[in-house]
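# Geometric and topological summary
One-letter residues, chain by chain:
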Amino acid sequence: MKLLKILAATTAVAVLLAAPAYAQTRIALVVKSLGNGFFDAANKGAQEAAAELGDVEVIYTGPTAATAEAQIEVVNSLIAQQVDAIAISANDPDALVPVLQKAMERGIKVISWDSGVAPEGRQLHLNPSDIGLIGETIIKLAADYLPEGGDVAILSAASTATNQNAWIEAAKAAIPAKFPNINLVSVVYGDDDSVKSTDEAKGLIASYPDLKAIIAPTTVGVVAAAQVVTDQNLIGKVNVTGLALPSEFKQFIDNGASQAVALWNPIDLGYSAVMLANDLVKGEEAKPGATLSMGRVGEVTLDDTNSGAMAAPFQFDKSNIEEFSKIY
Ligand code: RAM
C-alpha cells in the first residue's frame, strides 16, 4: 500500500514536472529567406523571447530564395505541424493571404512583422519603425553628403516586398518638399540575393554615369552595392547608403564606400514579434486601439489597420559602427 502511495505520488510529481513540455507553445518565425544576417539577428531575439517565456519554442524557418511561392510552401507545412502561431516577414502583401487565412481558420494565430501582409491575412503587423520616417531617413542619408544635390538610385529587395515598397513610396513623397535637389533616377530590385543585387548595382553604375549615391533599403543589397563601388574604385564618387547591419557593413564605413547607414535593432524586432505572437496565443485580442506587450522592448498600440511600430531607426557612421558591429 505504502509503496503504491509513494509510486502514485512520484508519478503525480513527474507529471507535474513534465507539464510545461506538453503545454509548450510553438511559434514559427518565418523569414523572407534563410541565410540573411538580418533575419539571423532577429532569430537571436526570438530565441531570447522563447527562453524568457519558458513554455515557448520558436521554430526559425523560411525558404532559400525570397519568393512568396516558396513561403506558401513553408506556411503549408507549418499548418500541417499544427503550430500555435506564425510570425511572418512576407515577400508579398497579397499572395500569402489565402494560405495565412487557412492557418487562422485552423486556430493558428498569425502576425506579420518587418514586411507585412494585407490586413485580411493576419491579425496584426509589427513595423520596425514608422514607414514615413524610414522613407525620409534613407533619402536624408544620401542628401546629407550631397550638399549640391544630384542623381541617386535605389537598389531594393524583391519587387513585391511590402516593407521596401512602402519605404520607397515614402521616400519619393519626401523628395519634392524636403530634398528638392535630389534626383531619383531609377529603382531596381536585387531580390535580397547577393548575385542579383551585385548585377543590379553594376547596371546602375553603367547606366547613370553621374550617379552620386546608391540607396539600398535592404541589408543584402547595401553590402552588394558597397562591394561593387569598392571593386570599381568608385569610393568618393558614389556613396552607398541605406539600411545595413553594422556587423556586415562596418568594412564599407571603414573603407569610405559609405558615409553612413541606418537600421533599427533586429534582435529586438525578432524578440518583439515572438512576444506579440505569444500575447495572441495567450488570449489577447488584436484590435484597433489595443495595447499589447512586447516584453522588455515595451508596448505597442495598434492603429486602425492593427499595425504598430517598434522604435526609431538609428544611424551608424565612423563614430559608432565599431561598437554596434559587435552586437548585430
Ligand atoms: C533585408 C530584408 C528585410 C529588411 C532589411 C532592412 O534584410 O529585406 O526585410 O527589413 O533588409
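It should be emphasised that the depicted structure is a prediction, and the values quoted were computed from it without experimental measurement. (Residues numbered from 1 in each chain as written. Predicted model: local features only at pLDDT ≥ 70, side-chain atom pairs only at ≥ 80, totals over all residues. Heavy atoms only, no water.)

## Observations concerning the overall build of the protein
Tallying secondary structure elements over the protein gives eleven helices and 14 strands in all. The C-alpha radius of gyration computed for the protein amounts to 22 Å, which stays within 12% of the reference 20 Å derived for 328 residues, consistent with globular compactness. Seen through its C-alpha atoms, the protein measures out along the principal axes to roughly 90 × 40 × 35 Å. Scored against the burial criterion, the 328 residues of the protein give a buried share of 52%. Within the protein, counting contacts between residues at least 6 apart in sequence, those at least 24 apart form 70% of the total. As displayed, the protein offers around 14,000 Å² of accessible surface, 54% of which is attributable to carbon and sulfur atoms. A gap of 6 Å separates the mean positions of the 22 positive and 38 negative side-chain charges of the protein. (Helix = DSSP H or I, 4+ residues; strand = E, 2+ residues; numbered from the N terminus. Rg over C-alpha atoms; globule rule 2.2 N^0.38 Å. Buried < 20%, exposed > 50% of the residue type's maximum accessible area, 1.4 Å probe, protein only. Contact = heavy atoms within 4.5 Å. Areas by Shrake-Rupley, 256 points an atom, 1.4 Å probe, with all protein chains shown as cover. Lys, Arg positive; Asp, Glu negative; His and termini not counted. Charge placed at Lys NZ, Arg CZ, Asp CG, Glu CD.)

## Concerning the packing of helix α8 (residues 219–231) against helix α9 (residues 246–254)
As a packed pair, α8 and α9 sit with axes 10 Å apart at the nearest point and diverge in direction by 25°. Judged by the inter-axis angle, α8 sits roughly parallel to α9. In the packing of α8 onto α9, the handedness of the crossing is left-handed. Here Thr219, Val222, Val223, Ala226, Gln227 and Thr230 of α8 lie close against α9, whose contacting residues are Glu248, Phe249, Gln251 and Phe252. The residue makeup of the contact of α8 with α9, split by class, is five nonpolar, four polar and one charged. (Axes fitted to C-alpha atoms, helices over the stretch in contact; angles between N-to-C directions. Parallel < 35°, antiparallel > 145°, perpendicular 65-115°, else oblique. Left-handed = near helix turned anticlockwise from the far one by under 90°. Nonpolar A, V, L, I, M, F, W, Y, C, P; charged D, E, K, R; others polar.)

## A few points about the sheet that holds strand β8 (residues 211–216)
Taken in spatial order, the four strands line up as β7-β6-β8-β9 in an open sheet, and their pairing is parallel. The open sheet has two edge strands, β7 (182–189) and β9 (239–242), and neither has a second partner. Strand-to-strand twist in this sheet, taken as the mean axis angle between neighbours without regard to direction, amounts to 25°. As defined by bridge partners, strand β6 (residues 150–156) adjoins β7 across seven bridges and the pair is classed as parallel. Its bridge partner lying in β7, serine 156 is registered against tyrosine 189. (Pairing = 2+ DSSP bridges.)

## Comments concerning the pattern of salt bridges
All chains considered together, the criterion is met by eleven salt bridges. With a closest N to O distance of 3.9 Å, lysine 196 and glutamate 200 form a salt bridge. Taken together, the positions of lysine 196 and glutamate 200, both in helix α7 (residues 194–207) and four residues apart, correspond to about one turn of that helix. For glutamate 285, the salt bridge is made with lysine 287, and the minimal N-O distance between the two is 4.0 Å. Assessed through its relative accessible area of 52%, glutamate 285 is described here as exposed. Take lysine 287: its relative accessible area is 41%, and that puts it in the partly exposed class. One connected set of salt bridges, linked through shared partners, spans Glu48, Asp268 and Arg296. (Salt bridge = Lys/Arg side-chain N within 4 Å of Asp/Glu carboxyl O.)

## Description of the site of the ligand
Neighbouring the ligand are 14 residues; Lys32, Asp114, Gln164, Asp192 and Thr219 lie closest to it. Between an oxygen atom of the ligand and a side-chain N or O atom of aspartate 114, the distance comes to 2.6 Å. The contact in question runs from an oxygen atom of the ligand to an N or O atom on the side chain of aspartate 192, over 2.6 Å. A total of 290 Å² of accessible area belongs to the ligand in isolation, and the protein chains cover 100% of it. Every element with two or more residues in the shell around the ligand is listed here: α2 (37–53) and α6 (162–178). Among the elements that take part in the shell around the ligand, α6 stands out by supplying three residues, more than any other. Its residues placed into classes, the shell around the ligand shows six nonpolar, five polar and three charged. Looking at the shell around the ligand, you find at least three residues from each of domain 1 (22–127 + 266–311) and domain 2 (131–263). (Near = heavy atom within 4 Å. Polar contact = N/O pair within 3.5 Å; in protein donor to acceptor, adjacent residues only side chain to side chain. Domains from an automatic or database assignment.)

## Brief notes about the UniProt feature "domain: Periplasmic binding protein" (unreviewed entry) in the protein
With numbering aligned to this structure, UniProt lists the feature "domain: Periplasmic binding protein" (unreviewed entry) at residues 27–285. Taken end to end, residues 27–285 is 47% helix and 20% strand, and its two terminal C-alpha atoms sit 17 Å from one another. (UniProt positions renumbered as here; feature names shortened; annotations may be inferred.)

## A few points about helix α5 (residues 131–143)
Residues spaced three or four apart along an α-helix face the same direction, because each turn holds 3.6 residues. When the terminal C-alpha atoms of α5 are compared, their 19 Å separation across 13 residues agrees well with the 18 Å that a helix rising 1.5 Å per residue should span. For α5, the complete set of buried residues consists of Ile134, Gly135, Thr137, Ile138, Ile139, Leu141, Ala142 and Ala143. Sitting at the amino-terminal end of α5 is aspartate 130, which places a side-chain oxygen 3.2 Å from the backbone nitrogen of glycine 132. (Expected span 1.5 Å × (residues − 1).)

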